[in-house]
Amino acid sequence: LEDVHPFALLDDDDGAVRMNLPGTSKAALFATWPVEEKLEDVDSQLAEQELLQQFVREHRHNVVKLVAVPDGCRRTTWLLEHIRQMLVEINFLCVELAGECNAATCPRMIASKDWEFLCAAHEKPQECCAMDYMLHTLSGFTALLNSNDVFPDRLNVPDKNVKYFMSICRRLYRIFAHAHYHHAEIFDAFERRTSLCKRFVHFVSTHQLMNQRMFTPPIKFNTTMTPAATVTTTETSDNGTTSSGGSASGDAS
């Protein structure tokens, strides 16, 4: 046992090590982890999170499989874990956008030439540069989802809390829209690798967290971008938003 890392002893009956040991290369991350397809097979206190993250690693372009609620999982818990996971991944998109999206290049949070969104992270919604809007939005929603007052139990999310998911998703869509319309090269490359925006659109549509008029402005995916199914949206007005050069309130209306 002298040559065995102590963490390597923490395995299950199948002998699979469920830890990425110190020094593990990026290519070998999760290589020793078993691939479970059912919630009941995941032996973890946060089984829903672990199963979802495994699905993202193994089936990232299969958006239908990713958003479907697994057998034995409460729908509201699956929605919470999905949004938590997407917040993490949208942060990665923002990191890539940071190279060209800043206060000088994108002084306002706009999506196409017709839509501008105000930042609701302030006492009164106000203009922010696009990057600040995105970071304020992600930080605010991360704090909300980690609030013990609002979500005291990740495994038993009450149905009434779905209202928070709807507000979150409506504003997260604007981040994708800005990236799509104003940083298309970065957006397309990121989408080819992750299908994150397609997953998001399929997720909110399947679980009725956004209706079609909220996909403003619309994002039309290139069918050659990823193997995932194509999702198109139509543009109509939404409460709290205005088109044709107008500004849009960033509140939860």
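Scroll up to find the structure this text is about.
Residues numbered from 1 in each chain as written. Predicted model: local features only at pLDDT ≥ 70, side-chain atom pairs only at ≥ 80, totals over all residues. Heavy atoms only, no water.

Novice: Could you clarify how one ought to interpret the overall build of the chain in this entry?
Specialist: When helices and strands are counted, the chain shows 7 helices and 3 strands. Burial analysis of the chain (253 residues in total) assigns 45% to the buried set. In the form shown here, the chain has an accessible surface area of approximately 12800 Å², with 51% of it arising from carbon and sulfur atoms. (Helix = DSSP H or I, 4+ residues; strand = E, 2+ residues; numbered from the N terminus. Buried < 20%, exposed > 50% of the residue type's maximum accessible area, 1.4 Å probe, protein only. Areas by Shrake-Rupley, 256 points an atom, 1.4 Å probe, with all protein chains shown as cover.)

Novice: How do you make sense of the pattern of salt bridges when you look at a structure like this?
Specialist: Once the charged atoms of two side chains with opposite charge are near each other, the side chains can pair. Applying the stated criterion across every chain, the model contains 5 salt bridges. With its nearest N and O atoms 2.9 Å apart, the salt bridge here joins E89 to R199. Here the residue E89 occupies a position in helix α3 (residues 75-97), and R199 occupies one in helix α7 (residues 196-206), the gap between them amounting to 110 residues. Each member of the pair E89 and R199 is classed as buried. In this structure, the salt-bridge partner of D114 is K113, at a minimum N-O distance of 3.4 Å. We classify D114 as partly exposed; its relative accessible area is 23%. When its relative accessible area of 73% is taken as the criterion, K113 is described as exposed. (Salt bridge = Lys/Arg side-chain N within 4 Å of Asp/Glu carboxyl O.)

Novice: It is not clear to me how the packing of aromatic side chains should be interpreted in this structure. Could you clarify?
Specialist: How two aromatic rings sit relative to each other is given by the distance of their centres and the angle of their planes. The full count for this structure, using the stated rule, is 4 aromatic pairs. For the ring pair F151 and F165, a centre distance of 5.8 Å and an interplane angle of 10° mean the geometry is stacked. Of the two residues, F151 sits in the loop between α4 (130-145) and α5 (162-182) while F165 sits in helix α5, which places them 14 residues apart along the sequence. The residues F151 and F165 share a single accessibility class, namely buried. (Phe/Tyr/Trp six-rings, centres within 6.5 Å; stacked < 30°, edge-to-face > 60°.)

Novice: Looking at this structure, how should I read the packing of α3 against α7?
Specialist: Packed helices, taken two at a time, are described by the angle between their axes plus the distance between the axes. Relative orientation of the contacting elements α3 and α7 amounts to 155°, with a least axis distance of 11 Å. Taken together, the axes of α3 and α7 are roughly antiparallel relative to one another. Relative to α7, the crossing made by α3 is left-handed. Contact residues: L79, H82, I83, Q85, M86, E89 and I90 in α3; L196, R199, F200 and F203 in α7. A per-class count over the contact of α3 with α7 returns 7 nonpolar, 2 polar and 2 charged. (Axes fitted to C-alpha atoms, helices over the stretch in contact; angles between N-to-C directions. Parallel < 35°, antiparallel > 145°, perpendicular 65-115°, else oblique. Left-handed = near helix turned anticlockwise from the far one by under 90°. Contact = heavy atoms within 4.5 Å. Nonpolar A, V, L, I, M, F, W, Y, C, P; charged D, E, K, R; others polar.)

Novice: Help me understand the packing of α3 against α4, please; the structure alone is not making it clear to me.
Specialist: Across the interface, α3 lies against α4 with an axial gap of 11 Å and an inter-helix angle of 155°. In terms of orientation, α3 lies roughly antiparallel with respect to α4. Read as a crossing pair, α3 and α4 show a hand that is left-handed. Contacts between α3 and α4 pair L80, I83, R84, L87, I90, N91, C94 and L97 from the former with M131, M134, L135, L138, F141, T142 and L145 from the latter. Of the residues belonging to the contact of α3 with α4, the class tally is 12 nonpolar, 2 polar and 1 charged.

Novice: Can you walk me through the side chain of T76 in this structure?
Specialist: Mapping T76 onto the fold places it in helix α3. The exposure class of T76 is buried, given its relative accessible area of 2%. Sequence-distant contacts of T76, defined by excluding residues within four places in its chain, comprise V157, P158, D159, V162 and F165.

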